[in-house]
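Results of the structural survey
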Amino acid sequence: MNDLNDKILLDIKTLSVIFNTDAGHVQAVDQLDLSIKPGQTIGLVGESGSGKTVTALSILGLIPQPPGRISSGEIIFEGKDLLLLPEKQLRQIRGNDISMVFQEPMTSLNPVFRVGYQIAEVLRLHKKISKKQAWRRTVELMDWVGIPEPQRRSRAYPHELSGGQKQRVMIAMAIACEPKLLICDEPTTALDVTIQQQVLELLQQLQKDLNMSMLFITHDLGVIADLADEVVVMYRSQKVEQAPTSEIFTHAKHPYSKGLLACRPKLHDNPRRLLTVADFMDEAGHALTPSAEQFLPQIKTNKSKHKTLLKVNDLKTYYPVKSGLFGRVKTWVKAVDGVSFDVKQGETLGLVGESGCGKTTLGRTILNLQQATSGTVKYDGVDVFAQNPKDMRRMRSRMQIIFQDPYASLNPRMTIGQTIMEPLNIHRPQDSKAMHWERVAELIKQVDLNPDQLNRYPHEFSGGQRQRISIARALAVEPEFIVCDESVSALDVSVQAQVLNLLLDLQAQYGLTYIFISHDLSVVNFIADRVGVMNQGKIVELNTATEIYRNPQNPYTQKLLHAIPKGVPKMV
Amino acid sequence: MKLKIGLILVMVMTATVFIGPQFTDFDPETIHWDDMAQAPDGVYWFGTDVMGRDLYIRTLLGGQVSLLVGLLATSVSVIIGVLYGMIAGFYGGGVDAVMMRLVDVFYALPFLFLVILLLVFFGQNMWLLFTAIGCYLWLDMARIVRGQTLAVKAQPFVEAAKAMGQNNHIILWRHILPNLINIVLVYATLVIPQVIMIESFLSFLGLGIQEPMTSWGALVSEGADNIEMAVWALCFPALFLAVTLVGFNLLGDGLRDYWDPSNKHQ
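Fair warning: this is a prediction, and the values are worked out from it, not measured in the lab.

Of regular secondary structure, chain A possesses 22 helices and 20 strands. Relative to a compact globule of 572 residues, whose C-alpha radius of gyration would be 25 Å, chain A shows 26 Å and is just as compact. Split into buried and exposed, the 572 residues of chain A put 54% on the buried side. Put simply, of all contacts in chain A between residues at least 6 apart along the chain, 68% involve residues at least 24 apart. In the structure as shown, chain A presents an accessible area of about 25,400 Å², 49% of it carried by carbon and sulfur atoms. Considering chain A, the positive charge centre built from 66 side chains and the negative charge centre built from 61 side chains are found 7 Å apart.

So this is what it looks like as structure tokens:
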């Protein structure tokens, strides 16, 4: 063993991974070099499909083979090549020396075992200790990762814990054996912004306490600004840039890194349209320079004089909680609890809040997709709840919704042409089929997709493209008002920027009115004229976007703003 | 690939049982007193059973009955089960509660007792009997389809259809039904062998196919009884039955893949 190996904990040399699929070979990782020193945190950044997760899985020897194949390279961990180790020795390293935290805390825990048991299992697997000792250590670990009442919670089942607590349990499992290397694969992507901040702080603290190395995988550069010592940017299976974190944020060299940084909406001085990776790099990978015009700051016009399009008055939506043999209503969940506001024509109203605050229910109630308990919604002077089914159906052509999940919001068994045509068949049955096809082709071009692809099925498209298809479907019957329910939350930041730009363009072109629901404050700040902050079914603060972000009045708003990851310059 | 093999197997078996009888002069009911339990040879291609009847013609005629019965009962159960389960699951609430409790009531009725009642009222009618089997088997199908409908109904694309003002009939027809195909096909391929087995069980009790008519189920159970004397009387019908079932299973799997849009390459 030479000197170099003493200083480097994990050394990945020219790693290449190939997947054999029906469609041919896919190069998932291409000649990747990466090394991690003891105690160092490396951020691995890239969009989905860039090979980040495959890299992490190859370190643990978890690439499914076949279809995967590691075609070249070495992964040296403490002087041993992990790729050559027999499975038995690998199992001793996994969970003990190298462990991993996954993205989905909801599905990564086994629902039928108590969480304490699941942590103790890891300990019993790798350390020769008794059941009792393992359980005692488990309670210590749960206390360590900041779960209140660890003694009692260790006996809880996963469904009894919140999302943030589940992720803490996953982290407790991962650090149970005090690993030398912790791999975190998008550990906060599924979490709310305030919980994300807590989890990031916890990881940072644990890393100091244990002096472990960390490989932190994310698609969002903002998340790792505080955390990582060095950032590795991956693009199309290759490493395109590696630099200390501060340098990446100030002097990114590769056009793709520049694009990634620019496409994230900030809390102030946003450009009119978000810059995207395509503004910095063309298809072939040549660098481009965005014109000065593209950096001109966004100006939000005052729309308070416009005609009122939507008037929501003291709206309440309660869900009954039933119990007992005869389903007696025991109590009510107040999802929306007395909300009133106006939306002006051509305006974008942002609704922000954490999951469970009632923002989605509010959007669905306004569109009469969910029965309201009391209150009124007047759309263009007409009471939405007082419509008979036939009139309601006609009215639906004027108000549309775009959902969060681009995978589930398209029927997998209909071609995208049929999908976009469906609203036309409903609302314009008098038009001929040829006219419908013409309109569909026009729509698909409007959302920057190719009309040649109309005969394809949704699974052949990426997440961002599917969201464009959903937008085209919503636009088909020329609505005036669209509810965007977390419409960009499931997308990578670079794709998110493109979709946001598209929404802005369409608004400018057709004078659309949006209600934009999101948990991401920076996105809402970019797109909305006015912002309502929701907490526990109520709107706690409603003001223009500029005012909310510059001068938040409500303590809850202040807490939300405070939790936005650093790396995005803050204004307060 | 699966689809092709399945289709070929099913087609070959169907052709054999329907065209095959043309090539022999034997009659399925004639008893050859001199050739009881005769091993297969140039005269009796599949041998004879312990009563001296030619097994070749009996296996093929039995196959006709089994295939028709399997398809008839399965179609009845699929059609009723899918419609019933889909409607219960989609409309939910009180409709669902009433419809599914009714299914529970049907479950509680003793099947055999029902069959006997039917036979008493309407006499020995093969077609009626197998419609009755189908009417019994749809219960499972309805439950499975209802569960799947609940899952599909919760998908945002169904809500999107509602939000664009689509009416319920078309949502059921265009958005729910196509997404049930997987589970319906898989379950239907399980029902076919089930029907063939139920038929042989009923025949054994004397309620199903009556001598001298026969079916694969009846032949197999007869063959199993006389395995020491004439092993071929078990082997041939069992082989035909097995090949047909394998064919239907592959066909079901293949159709599921064929209709799955994510398996289509551009």
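What follows covers the environment of Ala37(B). All names here are of chain B. Within the secondary structure layout, Ala37 lies in the loop between helix H1 (2–19) and helix H2 (55–91). Separated by 194 residues in sequence, Ala37 and Val231 have C-alpha atoms that sit 9.1 Å apart. In this view, Ala37 contacts Thr48, Asp49, Val50, Met229, Ala230 and Trp232; residues no more than four positions away in its chain are not counted.

This brings us to the nonpolar core. Of all hydrophobic cores here, the largest spans 108 residues; its most connected members are Leu182(A), Ile471(A), Phe516(A) and Val531(A). The greatest single-element share of this core, amounting to 8 residues, is contributed by helix H19 (residues 493–510) of chain A. Apart from the residues lying within four places of it in its own chain, the contact partners of Phe516(A) are Thr348(A), Leu349(A), Gly350(A), Leu351(A), Cys484(A), Val488(A), Leu500(A), Leu503(A), Val523(A), Val524(A) and Ile527(A). Grouped together as the second largest cluster of nonpolar side chains are 34 residues, Val82(B), Val158(B), Ile171(B) and Val195(B) included.

A separate point is the sheet that holds strand S13 (residues 348–352) of chain A. All names here are of chain A. Strand order in the open sheet made by the 6 strands is S16-S17-S18-S13-S19-S20, with mixed pairing throughout. The sheet is open, and its two edges are formed by strand S16 (399–402) and strand S20 (538–544), each paired on a single side. The average undirected angle you get between the axes of adjacent strands in this sheet is 15 degrees. Two strands pair when backbone bridges link them, and strand S19 (residues 530–535) and S20 are joined in this way by 6 bridges, in the antiparallel orientation. Following the sheet pairing, Val531 is matched in S20 by Asn543. Its contacts with the sheet place helix H22 (residues 555–562) against S19 and S20, and it is angled at close to 100 degrees to S19.

Calculation rules
- Residues numbered from 1 in each chain as written.
- Chains lettered and ligands numbered in written order.
- Predicted model: local features only at pLDDT ≥ 70, side-chain atom pairs only at ≥ 80, totals over all residues.
- Heavy atoms only, no water.
- Helix = DSSP H or I, 4+ residues; strand = E, 2+ residues; numbered from the N terminus.
- Rg over C-alpha atoms; globule rule 2.2 N^0.38 Å.
- Buried < 20%, exposed > 50% of the residue type's maximum accessible area, 1.4 Å probe, protein only.
- Contact = heavy atoms within 4.5 Å.
- Areas by Shrake-Rupley, 256 points an atom, 1.4 Å probe, with all protein chains shown as cover.
- Lys, Arg positive; Asp, Glu negative; His and termini not counted.
- Charge placed at Lys NZ, Arg CZ, Asp CG, Glu CD.
- Core = buried A, V, L, I, M, F, W, Y, C linked by side-chain atoms within 4.5 Å.
- Pairing = 2+ DSSP bridges.
- Axes fitted to C-alpha atoms, helices over the stretch in contact; angles between N-to-C directions.

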